[in-house]
Amino acid sequence: DQTKAYIPKYEPHDMLGGFSTEQLVAALGKVKPEDPVGVLVDQIKNGNIRGVAALFLSNSAGDEYGYRTVELVRELIRNNVLVIFTGCVATVASYHDLLKPDPMYPGVGENLAKVMDVIAKANGLEALPPCIFMGACVDNSRIEEVLNAVADYLKVRIDQLPVVASAPEYIAEKAIPIGFWAVSLGIFTHLGDQPNVAASDRVVKWLTEDVEKIFGGKFYVEADPHAAAGKMIEVIEEKRKALGI
């Protein structure tokens, strides 16, 4: 029954994705061969890259397809937050040109756009996409590799970095273990939907409050993408302040 299923009628869109950790380091190395990780760290320290947000998992059919994901991403990149994708969240992002290289960098904060432009030009490219797509939802370890490199460079823990995570519209239970992977790294992790744990006040309190004392990260549930983006940016700013940057 086609009336019960929404199938988007999108035309094909250009996109650039599939970055590995090695490719990211190599791209940064074209800017500064002797210190590729330092290129990324310097731009975070000077505020051109305000922070990093990792988005993972799929899009639900609970409301307009991809609405929460797209609005969240647009708000983050507008505020100079570098967004990294894993999983089929990239599908809806590509429909809205969030993975399309465009030298005008529409919707991207001025400082973040300048960083992307420099890296693109150093690699002989006209532009980089507004967001970096690092592979399937089981490729999250690539994100962790990048975070480990930055943390090692700064001689801090991952939970001290201006980094957040989000599954804005997950449709599979694996979003929770992947989310807990982020929390266990010490990352503030947004979920757009309430997991099926609300019957237990103790579990909810542990996941959204107490777990932070153990790992440094916790879950945060918020359906409104604009409110969620605001909170994520607030956390990024708190981390930056604590690091003195």
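Here, the structure is the one placed above.
Here we summarise the structure given alongside this text. Per chain, residues are indexed from 1 in the order of the written sequence. For a predicted model such as this one, the threshold for reporting local features is a pLDDT of at least 70, and the threshold for listing and counting side-chain atom pairs is 80 or more; totals across whole chains, interfaces and linings nevertheless cover every residue. In computing side-chain properties, one takes all heavy atoms of the structure into account and sets aside hydrogens as well as water.

**With respect to the packing of aromatic side chains**
Aromatic rings in a pair are described by how distant their centres are and how their planes are angled relative to each other. Note on ring pairs: Phe, Tyr and Trp rings are taken, using the six-membered ring of Trp, and paired if centres are within 6.5 Å. Classes follow the plane angle, with under 30 degrees stacked, over 60 edge-to-face and the rest tilted. Tallied over the entire structure, the rule returns four aromatic pairs. A ring pair is formed by Phe180 and Phe215, whose centres lie 5.9 Å apart and whose planes are at 85°; its orientation type is edge-to-face. One end of the pair, Phe180, is in helix 7 (residues 175–184); the other, Phe215, is in helix 8 (residues 201–215), with 35 residues separating them in the sequence. Summary of the burial criterion: residues with accessible area below 20% of their type's maximum are buried, those above 50% are exposed, and those between are partly exposed, where the area comes from a 1.4 Å probe applied to protein chains only. Its relative accessible area of 25% is what places Phe180 among the partly exposed residues. Note on conventions: DSSP H or I runs of at least 4 residues are helices, E runs of at least 2 residues are strands, and numbering of each starts at the N terminus.

**Notes on the nonpolar core**
Residues Leu76, Val83 and Phe85 are the most contacted members of the largest nonpolar core, which totals 78 residues. Note on contacts: a residue pair is in contact if any heavy atoms of the two residues lie within 4.5 Å. Not counting residues within four places of it along the chain, the set of residues in contact with Val83 comprises Ala53, Leu55, Val73, Leu76, Ile77, Cys131 and Ile132. Remark: nonpolar core denotes a set of buried residues (Ala, Val, Leu, Ile, Met, Phe, Trp, Tyr, Cys) joined through side-chain atoms within 4.5 Å.

**Here's the deal with the pattern of salt bridges**
In the sections that follow, a salt bridge refers to a side-chain nitrogen of Lys or Arg positioned within 4 Å of a carboxyl oxygen of Asp or Glu. Using the criterion set out here, one finds twelve salt bridges in the structure. The salt bridge involving Asp139 is made with Arg142; its shortest N-O contact spans 3.9 Å.

**Let's talk about the sheet that holds strand 6 (residues 219–221)**
Two pairing modes exist for strands in a sheet, parallel and antiparallel, and in both the strands are linked by backbone hydrogen bonds. A strand pair is defined by DSSP finding two or more bridges across the two strands. Taken in spatial order, the six strands of this open sheet run 3-2-1-4-5-6, and their pairing is parallel. Each edge of the open sheet is held by one strand with a lone partner, namely strand 3 (132–133) and strand 6. The pairing of strand 2 (residues 81–86) with strand 3 spans two bridges and is parallel. Note that in strand 3 the partner of Phe85 across the bridge is Phe133.

**A word on the pairing of strand 5 (residues 188–191)**
Neither face of strand 5 is left uncovered, since the one carrying Phe188 and His190 and the one carrying Thr189 and Leu191 both have all their residues buried. Handedness is read with the strands pointing away from the viewer; a crossover is right-handed when the path from the first strand over the helix to the second is clockwise. With helix 7 bridging strand 4 (residues 163–167) and its parallel neighbour strand 5, the resulting β-α-β unit is right-handed. With three bridges joining them, strand 5 and strand 6 adopt parallel strand pairing. Counted as the bridge partner of His190 is Tyr220 from strand 6.

**Overview of the pairing of strand 1 (residues 51–56)**
Residues in a regular strand project their side chains so that they alternate between the two faces of the sheet. Taking burial as the measure, the six residues of strand 1 include six buried ones, the bulk of the element. Going residue by residue along strand 1, you find Gly51, Ala53 and Leu55 tucked away on one face and Val52, Ala54 and Phe56 tucked away on the opposite face as well. Examined bridge by bridge, strand 1 and strand 2 share six bridges and lie parallel to one another. Across the sheet, the residue bridging to Gly51 is Val81, located in strand 2. Sheet analysis places strand 1 next to strand 4, joined by four bridges and oriented parallel. By the bridge assignment for strand 4, Leu55 is matched with Ser166.

**Examining helix 1 (residues 21–29)**
Every buried residue of helix 1 is listed here: Thr21, Leu24, Ala27, Leu28 and Gly29. Packing partners of the buried residues in helix 1 comprise helix 2 (36–45), helix 5 (110–122), strand 3 and helix 6 (140–154).

**Quick word on the state of the cysteines**
In protein structure, a disulfide is the covalent linkage between the sulfur atoms of two cysteines. Any cysteine sulfur atom paired with another within 2.5 Å is treated as part of a disulfide. Enumeration according to the criterion identifies zero disulfides in this entry. Unpaired in terms of disulfides, Cys88 finds its nearest cysteine sulfur in Cys137, a separation of 6.4 Å. With relative accessibility at 40%, the residue Cys88 sits in the partly exposed group. The structure places no disulfide on Cys131, whose sulfur is separated from the nearest cysteine sulfur, that of Cys88, by 16 Å.

**Looking at the environment of Ala27**
Mapped onto the fold, Ala27 is located in helix 1. Taking the C-alpha atoms as reference, Ala27 lies 6.9 Å from Ile119; in sequence the two are 92 residues apart. Here Ala27 is in contact with Ile119 and Asn123, once residues within four sequence places are set aside.

These figures come from the coordinates and say nothing about function on their own.
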